[in-house]
Amino acid sequence: SGAQNTTNLTMGTRFAAAATSTGRPILTQLAGMRAAASMWIVLGHFMTWPRAPFGTLIDRGCVPTGSFILLSGFVTHYAYHGKPYDTRTQVLRYYARRFGAILFSYYATWLLMIALSIGSCALGACVVPGAEFGILPSVKEAVESFFFVQAFEPIWPYFPNGPAWTISTMGLLWLLYPKLQAWLRRPLQARPFALAAGAAIACQLPALLAFFAGCVAPGLGKPYFISTEAGLWMYHFPPLRLADFVLGMALAQALADGRGAPERRAWAWLADGAFVAVFALCQLVPTDPRSGGYPMRQGYE
């Protein structure tokens, strides 16, 4: 679901000479990056245990999932940064294109999962996560999911379609994009890398605050430890993912201005090296031994 974006991205390993209908080059590298991230997420959900020798890497599926929020900011701005949003008609046209790309699959899955839940629970085996909590909680969550607001109350699992929280999280960011484009126009055009650096730092602030909260006030939790609840809030809560989206926008602006042309070998090595470094860190950094029965959502993760 997080992989649904607004531009045509095709498979390949080089910067394509072809152009989109807007005249901007097609970024074929993103297709490979999204394919790797999607495979990582699928393995995390469906691969059976034991998962050696890459179990630690596969279990950290929050990393590729979070990358789709950054990519959403990148691809959205890359596709729409040249369009004005000065009138209501222009904004509504953007909303129709952005949300129209995902509404059918979103609601089709919503209906399918509710039907599956009703059928399985009637047979005494509620197979849809979240359905086992009862009728009223399920109805509440289904209504929240219908209106794309389930991520504003971070819980797990969501009913009826758990992974759709990513659409809820990004929905607010897509709604804000026309305003973000206007508010950030000057720093985006003048200093996109400075804006990207600031956004990258802001991305980490919720985690750092949660990590050190127990040191300042023991009642807030263990020292140097992020609880499952805090982890879900900073992972799902839409306002806390705004910095990720802005980081993607800033990098897209730098590319559109020619400041980070991907045919330059230095940028290619930097991108490939960063990609390998992320995989290595996720595999080699050990799980926090204090995490209990559900690591990857608590501890120093």
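Calculation rules
Residues numbered from 1 in each chain as written. Predicted model: local features only at pLDDT ≥ 70, side-chain atom pairs only at ≥ 80, totals over all residues. Heavy atoms only, no water. Phe/Tyr/Trp six-rings, centres within 6.5 Å; stacked < 30°, edge-to-face > 60°. Helix = DSSP H or I, 4+ residues; strand = E, 2+ residues; numbered from the N terminus. Buried < 20%, exposed > 50% of the residue type's maximum accessible area, 1.4 Å probe, protein only. Axes fitted to C-alpha atoms, helices over the stretch in contact; angles between N-to-C directions. Parallel < 35°, antiparallel > 145°, perpendicular 65-115°, else oblique. Left-handed = near helix turned anticlockwise from the far one by under 90°. Contact = heavy atoms within 4.5 Å. Patch = residues over 30% accessible without salt bridge, like charges linked within 9 Å, V, L, I, M, F, W, Y side chains within 5 Å. Areas by Shrake-Rupley, 256 points an atom, 1.4 Å probe, with all protein chains shown as cover. Salt bridge = Lys/Arg side-chain N within 4 Å of Asp/Glu carboxyl O.

Chemist: Help me understand the packing of aromatic side chains, please; the structure alone is not making it clear to me.
Modeler: Pairs of aromatic rings are described using the distance from one ring centre to the other and the angle between the two planes. If you walk through the whole model with that rule in mind, you get 23 aromatic pairs. Consider the rings of Tyr85 and Tyr177, whose centres lie 6.1 Å apart with planes at 80°: the pair is edge-to-face. Pair noted here: Tyr85 is in the loop between α3 (62–80) and α4 (88–100) and Tyr177 is in helix α7 (residues 165–183), with a separation of 92 residues, a long-range link. For the pair formed by Tyr85 and Tyr177, the shared burial category is buried. Taken together, a centroid distance of 5.9 Å and an interplanar angle of 85° make the contact between Phe152 and Phe237 edge-to-face. Of this pair, Phe152 sits in the loop between α6 (135–146) and α7 while Phe237 sits in the loop between α10 (228–236) and α11 (242–256), placing them 85 residues apart in sequence.

Chemist: Help me understand the packing of helix α1 (residues 28–46) against α3 in this model?
Modeler: When two helices pack together, their arrangement is given by the angle between the helix axes and the distance between those axes. Interhelical geometry of α1 versus α3 gives an angle of 150° and a closest axis separation of 9 Å. On the basis of their axis angle, the class for α1 and α3 is roughly antiparallel. Crossing geometry of α1 relative to α3 is assigned as left-handed. Contacts between α1 and α3 pair Leu30, Met33, Arg34, Ala37, Ser38, Trp40 and Ile41 from the former with Val63, Pro64, Thr65, Ser67, Phe68, Leu71, Phe74 and Val75 from the latter.

Chemist: Can you walk me through a nonpolar patch on the surface in this structure?
Modeler: Taken together, Val139, Val143, Phe146, Phe147, Val149 and Phe152 make up a surface patch of nonpolar side chains, about 500 Å² in accessible area. By the secondary structure assignment, Val149 is in the loop between α6 and α7.

Geometric values such as these leave the question of function open.
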